[in-house]
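# Observations on the model geometry
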Amino acid sequence: MNEMDRLVQLVIEGEEEEAAALAESIVPDHDPSRIIDVLTETMREMGDKFEDGEIFLPELLIMSDALMAVMDVVEPHLRADKRQEQVTVVLGSVLGDVHEIGKNIVGIVLKANGYNVIDLGASVSADDFINKAEEKNARVIGMSSLMTTTMGQQKKVIDALVEKKIRHKYRVIVGGAPISERWAEEIGADGYAEDAFKAFKLVKTLL
Ligand code: B1M
């Protein structure tokens with residue numbers, strides 16, 4: 001089994017310390033964005049297995065912890081070769097939505113590329129997104145929604161920005177499994193990204 005396969009295996013087994021230690025040892029001779037790509041795909045596959053009842057929540061959550069431990073090791077190495085101007089991005093999963101695994105990966109990739117990411121976590125209200133963005137003089141507001149039942153909250157935030165006459169101050173990007181380019185246009189977002197690296201490219205383009 002090669003080192004990358006071993007790393008994937010340790011994340012799947014939720015072996016946080018071992019996965020982080022292996023990541024530490026292999027990151028100098030591996031492309032850090034490739035490590036993130038491979039592990040994101042792994043989490044997507046595990047998400048599907050969870051959905052099909054092949055694995056259960058505790059397993060998925062320990063995987064997600066091991067994933068974040070590896071991401072913490074890899075992230076500074078990403079930063080080394082792709083410094084971006086310091087821009088603040090306020091990120092969160094929308095009100096009523098506790099799905100964070102994907103949003104966390106987006107945060108890691110943006111942070112790794114030099115952006116100052118303020119992650120407000122899960123179930124974030126429109127007021128909290130806007131107040132934090134105003135307080136921190138952010139340029140970007142990024143909203144993740146994984147459910148058809150919560151995606152409407154992305155529109156709520158945009159409508160509130162318009163109402164407060166501050167919509168022009170922000171680039172608003174949206175993402176998450178049920179989200180699409182069309183939805184982004186419909187709600188007046190500045191962009192949609194299908195995955196974490198596309199989210200980074202979108203932010204770069206928008207700014
Ligand atoms: Co739930 N859940 N879940 N869930 N869950 C889904 C989303 C669901 C599609 C499964 C299903 O039933 N088919 C479904 C939603 C259906 C719908 O649309 N209405 C669903 C449901 C219904 C629920 C509950 C209601 C179940 C219940 O309790 N009855 C409940 C709701 C809780 C709530 O939010 N209020 C629930 C709970 C959970 C857990 C908490 C157990 C857990 C989340 C754990 C956590 O995040 N801490 C969970 C999980 C894991 C899933 C699935 C299986 C996997 C999601 C995931 O992490 N994927 C999911 C089904 C599925 O997608 N297979 C499902 C892996 C991750 C890497 O991908 O999140 O897509 P993803 O992120 C990608 C891209 O989307 C993109 O980049 C990321 C990385 O590349 N991206 C962005 C994401 N955010 C972005 C933001 C951007 C740009 C790109 O810009 C800002």
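Check the entry above for the structure.
None of these values were measured; they are calculated from a predicted model.

Looking only at helices and strands, the protein has 9 helices and 5 strands in total. Secondary structure elements in the protein, listed N-terminal to C-terminal, are α-α-α-α-β-α-β-α-β-α-β-α-β-α. The C-alpha atoms of the protein give a radius of gyration of 17 Å, which matches the 17 Å a tight globule of 207 residues would have. Relative to all contacts within the protein whose residues are 6 or more apart in sequence, the contacts with residues 24 or more apart total 71%. For the protein, the computed accessible surface area is about 10,200 Å², with 50% contributed by carbon and sulfur atoms.

Now for the coordination of the cobalt atom of the ligand. When only protein atoms are considered, the cobalt atom of the ligand has one donor, His99 (NE2), at a distance of 2.2 Å. With respect to the helices and strands, histidine 99 occurs in the loop between β1 (88-93) and α5 (101-112).

On the secondary structure map, isoleucine 12 appears in helix α1 (residues 3-12). Discounting chain neighbours no more than four positions away, the residues touching isoleucine 12 are Thr42, Met46 and Met63.

Our next topic: the pairing of β1. Among the 6 residues of β1, 6 are classified as buried, and the element is accordingly described as predominantly covered. Residues Thr88, Val90 and Gly92 line one face of β1 and the alternating positions Val89, Leu91 and Ser93 line the opposite face, and both faces are buried. The pairing of β1 with strand β2 (residues 116-119) spans 4 bridges and is parallel. Bridge pairing links valine 89 to valine 117 in β2. Crossover connection from β1 via α5 to parallel β2: handedness right-handed. Sheet topology note: the β1/strand β3 (residues 140-144) ladder contains 5 bridges and is parallel. Bridged to valine 90 within β3 is isoleucine 141.

The rules we used
Residue numbers here run from 1 along each chain, matching the order of that chain's written sequence. Confidence filtering applies because this is a predicted model: local features only for residues at pLDDT of at least 70, side-chain atom pairs given and counted only at 80 or more, and all residues used for totals across whole chains, interfaces and linings. Side-chain descriptors were evaluated using all non-hydrogen atoms of the structure, hydrogens and water having been removed beforehand. Going along the chain from the N terminus, every DSSP run of H or I of four or more residues is numbered as a helix, and every run of E of two or more is numbered as a strand. Atoms counted for the radius of gyration: C-alpha only. Globule rule: 2.2 Å times residue count to the power 0.38. Every residue pair with non-hydrogen atoms within 4.5 Å of one another is taken to be in contact. Note on areas: these come from Shrake-Rupley sampling with a 1.4 Å probe, and a residue is covered only by the protein chains present in the view. Coordinating N, O and S atoms are those within 2.8 Å of the metal (3.2 Å for Na, K and Ca), and as water is not part of the atoms, a site may appear to have fewer donors than expected. Each residue gets one of three labels from its accessible area relative to the maximum for its type: buried under 20%, exposed over 50%, partly exposed in between, using a 1.4 Å probe on protein chains only. Pairs of strands are assigned from DSSP output, requiring at least two bridges between the strands. If you view a crossover with the strands going away from you and the path from the first strand over the helix to the second runs clockwise, you call it right-handed.

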